[in-house]
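# Examination of the molecular architecture
The primary structure of each chain is shown beneath.
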Amino acid sequence: MAKPLTYLDYNATAPAKAGVADAIAMAVAQGGNPSSVHGSGRAARRLVEDCRAKLAMATGAKTSGIVFTSGGTEANRLALTASGRSRILACAVEHPAVTAHCLPENLLPVDTQGRLDLAALEAALADDGADTVVSLMLANNETGAIQPVAEAAAIAHAAGALLHCDAVQGLGKLPIDLSRLGADMLSVSAHKIGGPAGVGALILAQGITLTGTRAAGGQEQGRRPGTENLAGIAGFGAALDHLAAGLADLDRQAALRERLEHALAPDAIIFAQDTPRLANTVCVAMPGVTAETQVMAFDLAGFCVSAGAACSSGKVQASPVLLAMGVAPDLAATAIRVSFGQETTADEIDAFAAQWKLLCQRKRAA
Amino acid sequence: MSQVLDQPATSTTTPDLDFGFSKPRAETRIVVAMSGGVDSSVAAALVAAAGYETIGITLQLYDHGAAVERKGACCAGQDIHDARNVSDALGIPHYVLDYESKFRQSVMDDFADAYLRGETPIPCVRCNQTVKFRDLLATARDLGADALVTGHYVQRIEGAAGPELHAAVDPSRDQSYFLFATTPEQLDFLRFPLGGLPKTETRALAEHFGLPVAAKPDSQDICFVPNGSYAQVVEKLRPGAIEPGDIVDRNGTVLGQHKGIIHFTIGQRRGLNLGNTDGKGEPLYVVRLDAAAKQVIVGPRSALGRRYVHISELNWLGDAPLGTQPIRAAVKLRSTMAAIAATLTGDGQGGAHVVLDEPEYGLSPGQACVAYLDARVLGGGWITATADEPPA
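These numbers come from a predicted model, not from an experiment. (Residues numbered from 1 in each chain as written. Chains lettered and ligands numbered in written order. Predicted model: local features only at pLDDT ≥ 70, side-chain atom pairs only at ≥ 80, totals over all residues.)

## Examining the overall build of chain B
Using the following cut-off: Helix and strand assignments come from DSSP, with helices taken as H or I runs of at least 4 residues and strands as E runs of at least 2, each series counted from the N terminus. When we talk radius of gyration, it's over C-alpha atoms, and the globule rule is simply 2.2 Å times the number of residues to the 0.38. Buried residues are those with 20 or more other C-beta atoms within 10 Å of their own C-beta, exposed residues have 12 or fewer, and partly exposed residues lie in between; C-beta atoms are placed from the backbone. In this description, any two residues whose backbone-derived C-beta atoms lie within 7 Å of each other are considered to be in contact.
Along the backbone of chain B there are eight helices and 17 strands. Its C-alpha atoms give chain B a radius of gyration of 22 Å, within 12% of the compact-globule value 21 Å for 392 residues. Residues classed as buried in chain B amount to 45% of the 392 residues present. Restricting the contact set of chain B to residue pairs at least 6 apart, pairs at least 24 apart contribute 64%.

Laid out in structure tokens, this is it:
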């Protein structure tokens, strides 16, 4: 009965990289509290600091600016609630982990490709930039569209605002350099690069401090109290070892993306196709077949893809990202996300394309 | 007897389903509509045990959190979790479809508007007719399924002229009244593995299969109406639409006041607060509801008798279409009544005239009139008008 699974949902979570499970198991076996003074504590501390150093290297940050969290969601929350700025501006296509902290009237519009409207940002910052933090993602989780973060950061800084960048979908899929991006804060998550879920980090540029976080223990320089997730951080570190190889594979992934989109034409509608995108992400509509039906049909055929933002019951809602791009609700309801990675082969992409066309033909015949 | 059950079931032997497809069962894809209750869970278990490729689908029909007035409850109610657990236990894939907006449009809005028109609606029929057998069935076809299975207690029997809809073997469980609107095309694609079982057998099978819902109570209420307080639901769907008015006798004499016609149904005695007599010691019943005049019209029981019924949206499952040639049948005009003898004639406009041999009391527009030939469902429609004399 069991069919081989073809995993094309890397943006939901990436398969664990080699060595990650071992690193986690070893950290659990080793134990120790990184805050302890004794030898066991020092050994645990070493694991945490190893990962911190790798992450600093990977993002062009200082190790002192790295705050480990329970993942991207907490990193975003920390950035937006502890920045010392009371007004939060966010792009309309941000992840719910960001928009949840933003008043609806403070969501900034995007163009038809899902890119932030920089003029709208500038206008919104005209009044009180000094009390504002702007949140802009590095790349969109659904369409892969890459945002003009450096430009937005320049605009924000000119107005005295801070810029937070949710780079959860960017890490490992784009080269990241904190100073080149101009971001004051950057959120990342381990499980999107083949590490474990439940660990991530908020990365602070030099001179950026958090406020109101020192309520409990003093871990992470008081910026994130609580005993560190030693096993998770060790797993994150092991996944970071593969980052350079993953970045070196991006050209091949971009070719796979072209291959897939070419195979699906002319029936498919691809979103954000006219803007720089992640090499691994295709957001594609099959007109007439709802996304939830497609996801089921692909699953039954052994392909893991996803539709919009799934909530805990597994039900699917029309994508706010596509709606913000001006896509008609009926069409948005037929869009799925295909996202792949370093382990994905051309054969898998071809098999998926064949299944996509089969489903499309079945609908036509009905 | 049902054709789908090859052998009688006991608590230790599983009835083998055979849906009669020409290809191997493992290559025959069956979607099972799973509510999370014991009936559809057993239906899924039977399909899986028979070796079919079985797929469970549960419909998210309304916001459970909102229905029970709890804020912040995202998504699934207990029933969805139950359906998922049953699917896990059976080792079948399970999906949840968000049909909230479809259910709201097709079922809940219709429910509220029918009450406000002075009718007594049956939302379960509308749900079967639209959300389940139109929308879910289309999704099952899109998934490449060969059939859609539900846990309804009805039988689909292959007849000379195609599939026929029959009442369940166990009359106490029969749900054929609620499925009268199933079209021939839908019936062709549907299968009902429980129609040949008594309910006690279903429970025994649930235990036999080790289903986590074996001891779960049967659902009684309309699913989106908690505690039977349908007036609250109508008020929420149509704020301000429930208006007070007069209770009058058949001559228009005002006898009292009411808080909204939706609180009444034809044939009702309770809640009138009139002392329930007209002064001559005869009890008073609701005989008519006038939405435009906001009136509840009351009268003696004798004023409730009706022999002439008009039905609309006729769905016909008989071998020959219902035309101007009268046919004899037994009809049910409420889900709970025993069928009574009647004559049906098509009205040429998609409806039918029904003449009952004997008057029936307490017939309400919005209810269904379903015609049977013995156990076979011939068809039915929605009651739009009733009269005690032949229509002009």
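## With respect to the domain arrangement of chain B
All names here are of chain B. Defined as follows: An automatic or database domain assignment provides the domain bounds reported here. In this classification, the charged set is Asp, Glu, Lys and Arg, the nonpolar set is Ala, Val, Leu, Ile, Met, Phe, Trp, Tyr, Cys and Pro, and all remaining amino acids, among them Gly, are polar.
According to the domain assignment, chain B consists of domain 1 (25-219), domain 2 (243-299) and domain 3 (304-387). Relative to domain 3, the C-alpha centre of domain 2 lies at a distance of 27 Å. Facing five residues of domain 2, the contacting portion of domain 3 comprises five residues. Considered class by class, the residues forming the side of domain 2 that touches domain 3 number three nonpolar, two polar and no charged.

## Quick look at the sheet that holds strand β12 (residues 335-339) of chain A
Residues and elements named next belong to chain A. Which entries qualify depends on this criterion: The criterion for strand pairing is that DSSP finds at least two bridges linking the strands in question. Note on geometry: axes are lines fitted to C-alpha atoms, helical ones only across the stretch in contact, with angles between N-to-C directions running from 0 to 180 degrees.
Spatially, three strands are ordered β9-β10-β12 in an open sheet, and the strand pairing comes out antiparallel. Both outer strands of the open sheet, β9 (269-270) and β12, are each paired with one neighbouring strand and no more. Inspection of the sheet shows strand β10 (residues 281-285) paired to β12 by five bridges, in the antiparallel sense. What sits directly across from C283, in β12, is R337. Strands in contact with helix α10 (residues 250-264) are β9, β10 and β12; relative to β10, the strand with the most contacts, it is inclined by about 10 degrees.

## A word on the pairing of strand β11 (residues 295-299) of chain B
All names here are of chain B. Pairing geometry for strand β8 (residues 245-249) and β11, over three bridges, is parallel. Its bridge partner being in β11, I247 is matched across the sheet by V296. Pairing geometry for strand β10 (residues 285-290) and β11, over five bridges, is antiparallel. Directly across from Y285, in β11, lies its bridge partner G299. Here β10 folds back onto β11 in antiparallel fashion, the turn holding four residues, of which K294 has a positive phi close to 55 degrees.

## Observations regarding the sheet that holds β11 of chain B
Residues and elements named next belong to chain B. Spatially, four strands are ordered β9-β8-β11-β10 in an open sheet, and the strand pairing comes out mixed. Looking at strand neighbours, the two that pair on one side only are β9 (254-258) and β10, the edges of this open sheet. Averaged over all neighbouring strand pairs, the angle between strand axes comes to 30 degrees, with direction disregarded.

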